[in-house]
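Chains, contacts and geometry: an overview
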Amino acid sequence: MASDSILEIRNLTKNYGSLKALDGLNLHVKQGEIYGLLGPNGSGKTTTLSIVMGVLKKTAGDYYWFNRKPHYTSRLKIGSLIEDPHFYPYLTLYENLKIITRIKEIPESQINYSLGITGLLKRKYSKFRTLSSGLKQRLAIAAVLAGDPEVLVLDEPTKSLDPEGFSDLRDIIQKEAEKGKTIVLSSHILDEVEKVCTHVGILKSGELVTQGKVEDILSGKEVVFIASENPDKTSQLLYQCPFIEKFEKLNSREFKLLLNKKGSPVELNKYFFDQGIVLSKLVKQKNTLESEFLQLMK
Ligand SMILES: Nc1ncnc2c1ncn2[C@@H]1O[C@H](COP(=O)(O)OP(=O)(O)O)[C@@H](O)[C@H]1O
Ligand SMILES: [Mg+2]
């Protein structure tokens, strides 16, 4: 297993009676990713996150945090928001978070830190019941951030947020990611995942349809793998090729390309042939995401 592995799920299955909520799920989240678990309602997102947070029993399969089986020391490095947290309506935000710092056994100084990050400092002494639903959701995020955990696990964090709340949440998540944290979040809204996440795993009826970089999977652009016996010239031509958005060299002979909207594999092949290069491989990444399915989640 790679040393940068944060969460690995293998063959995870969950049955509720005769209903298979998760059916041999595999997925992998690595250090520094903002990983979006994307799927329609009922696809198994909450079930997955509840199991890996230890609040729901699996039926079969395994999961590993930081390359090891579930262990309380790993749990301390993870902040999670799975169900609506319970806050006391007549206590202030500060008092509510104070209870959380006691439970998490972290210093009270963490309260100002997490209220600061979530922009709630000026409401520190407001009673919880006076908050709008967007601000309540922000307090829930503040509670997750208290203790400065390495990993954040957020189940549908954007629900009950208006567009402004969403963009604030996105900023918070991106700032946390810049500090080197890893974030796993779920959503049933394609656009949200596209705007927030670096990586995505698409869930359908408890199975992973695909996973990878957001730009490769959600952009609708084609990913193509090519190989040639003359990699230097190929590389040089790739720089000049008008149909390519970007490319990377995979090994001494192979390249992975992202075509732009003008490009197609046929044109690419012709382009190289016209320049005297015969490609020894040209494979289009299988597009497993029927556009209807993605449309469903728009
Ligand atoms: N406690 C439960 N008992 C029975 N079925 C459940 C229970 N929780 C979830 N399910 C079912 O499991 C499937 C996955 O649910 P869930 O993980 O909540 O999906 P999502 O979070 O993607 O909307 C759904 O068909 C749901 O109805
Ligand atoms: Mg859910």
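Residues numbered from 1 in each chain as written. Chains lettered and ligands numbered in written order. Predicted model: local features only at pLDDT ≥ 70, side-chain atom pairs only at ≥ 80, totals over all residues. Heavy atoms only, no water.

Some words on the pattern of salt bridges
- Scanning all chains against the criterion turns up 14 salt bridges.
- We note a salt bridge from Glu156 to Lys45, for which the minimum N-O separation is 3.7 Å. Taken together, the residues span a long stretch of sequence, with Glu156 in the loop between strand E6 (151-154) and helix H6 (163-178) and Lys45 in helix H1 (residues 45-52) at a distance of 111 residues. For the pair formed by Glu156 and Lys45, the shared burial category is buried.
- Close ionic contact of Arg138 with Asp168 constitutes a salt bridge, the shortest N to O distance being 2.6 Å. Taken together, the residues span a long stretch of sequence, with Arg138 in helix H5 (residues 133-145) and Asp168 in helix H6 at a distance of 30 residues.
- The network of salt bridges with shared partners includes Asp148, Glu176, Lys179 and Lys181. (Salt bridge = Lys/Arg side-chain N within 4 Å of Asp/Glu carboxyl O. Helix = DSSP H or I, 4+ residues; strand = E, 2+ residues; numbered from the N terminus. Buried < 20%, exposed > 50% of the residue type's maximum accessible area, 1.4 Å probe, protein only.)

Here's the deal with the domain arrangement of the chain
- Domain boundaries assigned for the chain yield domain 1 (5-217) and domain 2 (223-284).
- The C-alpha-based centres of domain 1 and domain 2 are spaced at 39 Å. (Domains from an automatic or database assignment.)

Some words on the environment of Val144
- Note that Val144 resides in helix H5.
- With relative accessibility at 4%, the residue Val144 sits in the buried group.
- Considering only alpha carbons, one finds Val144 and Leu81, 63 residues apart in sequence, at a separation of 6.6 Å.
- Contacts of Val144, omitting those with residues within four sequence positions, involve Gly79, Ser80, Leu81, Lys104, Pro149, Leu152 and Leu154. (Contact = heavy atoms within 4.5 Å.)

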